Structure formats: structure tokens, C-alpha cells
Amino acid sequence: MSELFDEVDEDVRREQLKKLWDRYSIYIVAAAFLIIAAVGGWRGYQYLEAKKAAEAGTAFDKAVELSEQNKHSEAEAAFNKLVATAPSGYRLLARLRVAGEVAIRDPQAAVKLYDDIAADRSVATLDQELAKVRAAQLLVETSTYPNLLARIESETAPTATFRHTVRELLALSAWRANDMTSARKWLDMIANDGETPPGLRSRAEALQALLPPVAKG
């Protein structure tokens, strides 16, 4: 009897499954198709993105080679092409390199390019900060100390990534402006920061030795 009941139960389940399939088969097939299409589309997208990145990497390396061969106009054109066509990562690297190439022939124009990167909210904060520092390096010999201070003082904070370089730039700018009080301030910050790179510390100590003695009150 138990075997008979089992056979009946199996027939009932089979009949129920058939009814469910007849009612919902089109939805099940459609869902399966959509899943397959989505997976295939994602795989295709990943392949195309990887291909674009590889092509951009090769083009970037060739542009760097042109720059190293002092073919700066050709390198600038190659980097500009990457700015227009490369994936976002290489696009930013290319923007920075374009500014570097332009700096060779027109520092002020390069400053404008770096400023554009620093103001671009789609760019990562670290890269914005790097662009600000690069612009300041181009301006240190021509800009006034107050102007340079307004540009990069925010990058001198104890946790700022480029604080060591920025403090040195401000010390040099203050020195050029004959503002020895400000120069001493930045040189002291360099000396008191335990993470200051050795080479930069040595340069700061040499400049500090040239400062006039502090007047005693």
C-alpha cells in the first residue's frame, strides 16, 4: 500500500509541476535568457575595457619614450590623444604628463593645466593635491610669497601627503621675498617633522644656516 501511495503522490507532484510549467514557463525562460544575456554582456564589457586599458598602456609608454628622447612636441600630442580617448586612469596620467610637457615651453600655460586638474572634482583628492604642488613648483621663482602661500598653505598640515615639498617651496619663496620670519617658520616645521626625507632635511638645514640670527629682545 505504501508503494501505491508513493506512486500517487509522485503523480500528483508531477501533475502540479506540469501545471506550474505550463503557467510560468515563458517567465522562467525569459528570466534565464536575461541572466545569460546579462552575464554575456558583462563579460563582453570587461573584455573591451581590458583591451582599451592595454592599448592605452602601450600608447602611454610610447608617449613617455618620446618625452625621454626630447621629442616633446610629439610627446605632447601623444599625451593629448590619450586625454581624449583613454580610460579614466590613463586619461588623468596623460593630463599630468601634458602639463609637464607644456611646462618646458610655457610654464604659465602649464600652471593653468595643473590648476584645471586641481579644480576638477572628478579627480581623486591625492591627484588634485599633486597638481597643486606641481603648479607651485613652476611658480616658486616668479610668484609672490603671499600668492604661493594662498595656493598651497593647506598642503602643509601634519597629515598632508606632500607637506614636506610644500614647506620647502614656501621656505624658498619666503627667502626670495626677504621674509626671514616666514622662511624660519617653514624651515623649523621641516626640522621638527620626524618624517621629513633626509635629502630635503639637509637642504633645509643648509638654508637655515644662512638665516640671520634671531634678534634678542
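Residues numbered from 1 in each chain as written. Predicted model: local features only at pLDDT ≥ 70, side-chain atom pairs only at ≥ 80, totals over all residues. Heavy atoms only, no water.

(A) Expanded view of the overall build of the chain. Summing up its helical and strand segments, the chain has 9 helices and 0 strands in all. Starting at the N terminus and walking to the C terminus, you meet the elements of the chain as α-α-α-α-α-α-α-α-α. A total of 217 residues make up the chain; the buried ones form 30% of that total. In the chain, the share of contacts with a sequence separation of at least 24, taken over all contacts with a separation of at least 6, comes to 48%. Split by element, the accessible area of the chain, about 14,200 Å² in all, is 58% carbon and sulfur. (Helix = DSSP H or I, 4+ residues; strand = E, 2+ residues; numbered from the N terminus. Buried < 20%, exposed > 50% of the residue type's maximum accessible area, 1.4 Å probe, protein only. Contact = heavy atoms within 4.5 Å. Areas by Shrake-Rupley, 256 points an atom, 1.4 Å probe, with all protein chains shown as cover.)

(B) Representation of the packing of helix α4 (residues 107–119) against helix α5 (residues 125–139) in the model. Remark: α4 packs on α5, axes separated minimally by 8 Å, with the N-to-C direction vectors making an angle of 160°. By the angle between their directions, the pair α4 and α5 is classed as roughly antiparallel. Crossing angle aside, the handedness with which α4 passes α5 is left-handed. Here Pro107, Gln108, Ala110, Val111, Tyr114, Asp115, Ile117, Ala118 and Ala119 of α4 come into contact with α5, specifically with Asp127, Gln128, Ala131, Lys132, Arg134, Ala135, Leu138 and Leu139. The residue inventory of the contact of α4 with α5, partitioned by class, reads 11 nonpolar, 2 polar and 4 charged. (Axes fitted to C-alpha atoms, helices over the stretch in contact; angles between N-to-C directions. Parallel < 35°, antiparallel > 145°, perpendicular 65-115°, else oblique. Left-handed = near helix turned anticlockwise from the far one by under 90°. Nonpolar A, V, L, I, M, F, W, Y, C, P; charged D, E, K, R; others polar.)

(C) Region of interest: the packing of aromatic side chains. Evaluated as defined, the whole model comprises 2 aromatic pairs. Between Phe60 and Tyr90, the ring centres sit 5.9 Å apart and the planes meet at 55°, which makes this aromatic pair tilted. In this pair, Phe60 sits in helix α1 (residues 2–68) while Tyr90 sits in helix α3 (residues 88–105), placing the two residues 30 residues apart along the sequence. One aromatic cluster is present, built from ring pairs that chain together Phe60, Phe79 and Tyr90. (Phe/Tyr/Trp six-rings, centres within 6.5 Å; stacked < 30°, edge-to-face > 60°.)

(D) Focus on the layout of surface pockets. Its boundaries defined by the atoms lining it, the largest pocket holds a volume of some 170 Å³. If you go around the largest pocket, the residues you meet are Lys52, Glu55, Ala56, Ala59, Lys62, Ala78, Lys81, Leu82, Thr85, Ala86 and Pro87. Among the secondary structure elements, those contributing two or more residues to the lining of the largest pocket are α1 and α2 (72–85). Per-element tally for the lining of the largest pocket: the top contributor is α1, with 5 residues. Residues that form the lining of the largest pocket fall into these classes: 6 nonpolar, 1 polar and 4 charged. (1 Å grid on protein atoms, 1.4 Å probe; cavity = no way out; pocket = protein on both sides within 12 Å on 5 of 7 lines; lining within 4 Å. Points joined across faces, edges and corners; volume = space filled by probe spheres on them.)

(E) Up close: the pattern of salt bridges. In this structure the tally under the stated criterion is 9 salt bridges. Between Arg105 and Glu76 there is a salt bridge, and its shortest N-O distance comes to 2.7 Å. One end of the pair, Arg105, is in helix α3; the other, Glu76, is in helix α2, and 29 residues separate them in sequence. The class for Arg105 is exposed, based on a relative accessible area of 56%. Residue class for Glu76 comes out buried when judged on its relative accessible area of 14%. When the shortest N-O distance is used, the salt bridge between Lys112 and Asp116 registers 3.0 Å. (Salt bridge = Lys/Arg side-chain N within 4 Å of Asp/Glu carboxyl O.)

(F) Highlighting the packing of α5 against helix α6 (residues 145–152). Axis separation between α5 and α6 bottoms out at 10 Å; the angle between their running directions is 170°. In terms of orientation, α5 and α6 fall into the roughly antiparallel class. Of the residues in α6, those touching α5 at Lys132, Ala135, Ala136 and Leu139 are Leu148, Arg151 and Ile152. For the contact of α5 with α6, a count of residues per class yields 5 nonpolar, no polar and 2 charged.

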